[in-house]
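# Fold and geometry: a report
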Amino acid sequence: MRSLAVSAIFLLAASVSCAADKPFALGAKEIADGRIMLFDGETTFGWKIEGEAKVADGILKIGGEKTATLTTTSEFARGDVVWSFRQTGLNQATMNWRGEERKLSSTTNKAWVKEIYEPGALGCSPIRLNVPPGSELEIRAFSFQPMFLEPLFNGGDFNGWKQFTGDKRDKSKFTVTPEGWLNVKDGPGDLQTEKQFDDFVLQLECISNGKHLNSGIFFRAIPGEYQNGYEMQIQNGFKDNDRTKPTDAGTGAIYRRQQARKVVPNDFEWFSMTLIARGNHMATWVNGYQVTDFTDIRPANDNPRNGSKTGKGAISIQGHDPTTNLSFRNIRIGEISKK
């Protein structure tokens, strides 16, 4: 686990000129470490925009004659932002996050500035960028990595987990592999955490050991009830050779609530998943790419099938059907204090 230097507000990593502009992508190690993109190089998905903002040639361009403000729809707790930007104009843009405001370095020579920003303040909040009138801010890369996660599965046994056996449909077999992975075969079935969580960041790696197999991660689930919670879907199939047409909602979907906008992973390959649940807002990333941005506007209810549940519940791994054969590793979670 990475440690946080509390006294550090930000670190200036480098000021670099780039020969060519191209969409940013995370590396394999960054994905495995749990880094996620807050700008995907293609769209403004995951941001609320006030004023002028557009994406062109892999660059997010913000600003114009009037003030422009971009705010993430998700809230982020302790971690670091690594980003590459440049700005022009007489007035400096600012970033606000977790109660701290910082003015961005001026780059009138159009050189890209790469920074690691790590506020010393506590808490959890959206990230807000504010660009004054007459200035322009360009962003080529913007990513975040949480720093407060703890293992949820120890890689040796099921300490802290319990298989739900109170349903006659239960047929799944949950085992620990020689590599220390959690494997589920057959189904249906449900393996639940004994501890309950409400607001949190959950990260894990998964591999589907067959073509278009189905599983999922339930959260805020009612303990002792069968697969009764919100579900982060796992299903890597898509239609018409088009990854924007997922089969059965697609990997990363909030099942029955919002389908994944793109099927990112492939079967027979390890992929990462990130879920941030904060109040009635939930967002998911697959291999660091954000695929859902969901707010449950239904009336409050302790049963997530019937309404918006913001209270504590179990995390559970689903065995879906007799074809199920998936493995999980590096399962880790960080709780976020309530507002």
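Coordinates for the structure precede this section.
Below: a short report on this structure. Quantities reported herein were computed from a predicted structural model and do not represent experimental measurements. Starting from 1, residues in each chain are numbered consecutively following that chain's sequence as written. A pLDDT threshold of at least 70 governs which residues receive local features in this predicted model, and a stricter bar of 80 or more applies before side-chain atom pairs are shown or counted, although totals over entire chains, interfaces and linings include all residues. Values shown for side chains rest on all heavy atoms present in the structure; no hydrogens or waters enter the calculation.

Next up on the list: the overall build of the protein chain. Numbering goes from the N terminus for both helices and strands, where a helix is a DSSP run of H or I of at least four residues and a strand is a run of E of at least two. On a plain count of helices and strands, the protein chain comes out with one helix and 25 strands. Its C-alpha radius of gyration of 21 Å places the protein chain within 12% of the 20 Å reference for a compact globule of 339 residues. Dimensions of the protein chain along its principal axes, counting C-alpha atoms only, are 70 × 40 × 40 Å. Burial statistics for the protein chain: of 339 residues in total, 55% are counted as buried. When checking whether two residues touch, look at their non-hydrogen atoms; a contact exists if any pair is within 4.5 Å. Contacts in the protein chain between residues far apart in sequence, at least 24 positions, make up 69% of those at least 6 positions apart. Surface accessibility of the protein chain: about 14700 Å² in total, with carbon and sulfur atoms responsible for 49%. Computed over 42 positive and 40 negative side-chain charges, the separation of the two mean positions in the protein chain equals 1 Å. C-alpha atoms define the radius of gyration, and 2.2 Å times the number of residues to the power 0.38 defines the globule rule. Each residue is placed in one exposure class: buried if its accessible area under a 1.4 Å probe, protein chains only, is under 20% of its type's maximum, exposed if it is over 50%, and partly exposed if it falls in between. Using a 1.4 Å probe, the Shrake-Rupley method yields the accessible areas, and only the shown protein chains count as cover for residues. Here the positive residues are Lys and Arg and the negative ones are Asp and Glu; neither His nor the chain ends is included. Charge positions come from single atoms, namely NZ of Lys, CZ of Arg, CG of Asp or CD of Glu.

Moving on, we come to unusual backbone geometry. Residue Gly-187 is joined to Pro-188 through a cis peptide bond whose omega torsion reads 10°. Within the element layout of this structure, Pro-188 appears in the loop between strand 16 (182-185) and strand 17 (189-197). A positive phi is found at Asn-241, a non-glycine position, where the angle reads about 55°. Mapping Asn-241 onto the fold places it in the loop between strand 20 (230-234) and strand 21 (271-278). Within the chain, Arg-256 stands out as a residue other than glycine whose phi angle is a positive 70°.

Turning our eyes to something else, we now look at the sheet that holds strand 9 (residues 100-103). Ordered by their spatial adjacency, five strands build an open sheet running 3-6-11-8-9, and the pairing between neighbours is antiparallel. A strand with exactly one partner marks an edge of an open sheet, and here the two such strands are strand 3 (47-50) and strand 9. Direction aside, neighbouring strands of the sheet carry axes that sit 15° apart on average. Strand direction decides the pairing type here: strand 3 and strand 6 (residues 68-72), joined by four bridges, are antiparallel. Across the sheet, residue Trp-47 finds its bridge partner in strand 6, namely Thr-72. A pair of strands is considered paired only if DSSP assigns at least 2 bridges between the two. Only the stretch in contact is used when a helix axis is fitted, and all axes are lines through C-alpha atoms; the angle between N-to-C directions ranges over 0 to 180 degrees.

Stacked, tilted and edge-to-face are the three classes assigned to paired rings of Phe, Tyr and Trp, where Trp is represented by its six-membered ring and a pair needs centres within 6.5 Å; plane angles under 30 degrees give stacked, over 60 edge-to-face, the rest tilted. With the rule as written, the count across this model stands at 13 aromatic pairs. Summarising the aromatic geometry, the rings of Phe-76 and Phe-144 are spaced 5.0 Å apart at their centres and angled 55° between planes, so their arrangement reads as tilted. Of this pair, Phe-76 sits in the loop between strand 6 and strand 7 (79-88) while Phe-144 is found in strand 12 (residues 136-146), placing the two residues 68 residues apart along the sequence. Taking relative accessible area as the criterion, Phe-76 reaches 2% and is therefore assigned buried.

Let us now look at the nonpolar core. In summary, soluble globular proteins display a tendency toward joint burial of nonpolar side chains. For this analysis, a nonpolar core means a set of buried residues of the types Ala, Val, Leu, Ile, Met, Phe, Trp, Tyr and Cys, connected via side-chain atoms within 4.5 Å. Ranked by internal contacts, the top residues of the largest apolar core, which has 40 residues, are Leu-202, Phe-219 and Phe-328. If sequence neighbours within four positions are ignored, Leu-202 has contacts with Leu-152, Ile-217, Met-273, Thr-274, Leu-275, Ile-315, Ile-331, Arg-332 and Ile-333. Leu-60, Cys-124, Phe-142 and Phe-144 belong to the second largest nonpolar core, which has 34 residues in total.

What follows is about the pairing of strand 11 (residues 127-131). Across the two faces of strand 11 the burial differs, with Ile-127, Leu-129 and Val-131 buried and Arg-128 and Asn-130 not buried at all. With four bridges connecting them, strand 6 and strand 11 associate as antiparallel partners. What sits directly across from Ala-68, in strand 11, is Val-131.

This brings us to the sheet that holds strand 20. Spatially, 14-17-24-19-20 is the arrangement adopted by the five strands of the open sheet, whose pairing is antiparallel. Edge positions in the open sheet fall to strand 14 (161-163) and strand 20, since each of these has one partner strand only. Taking the axes of each pair of neighbouring strands and ignoring which way they run, one obtains an average angle of 20° across the sheet. Where strand 19 (residues 215-221) meets strand 24 (residues 313-319), five bridges bridge the pair, whose relative direction is antiparallel. For Ser-215, the partnering residue across the bridge sits in strand 24 and is Gly-319.

That's the geometry; what it means functionally is another story.
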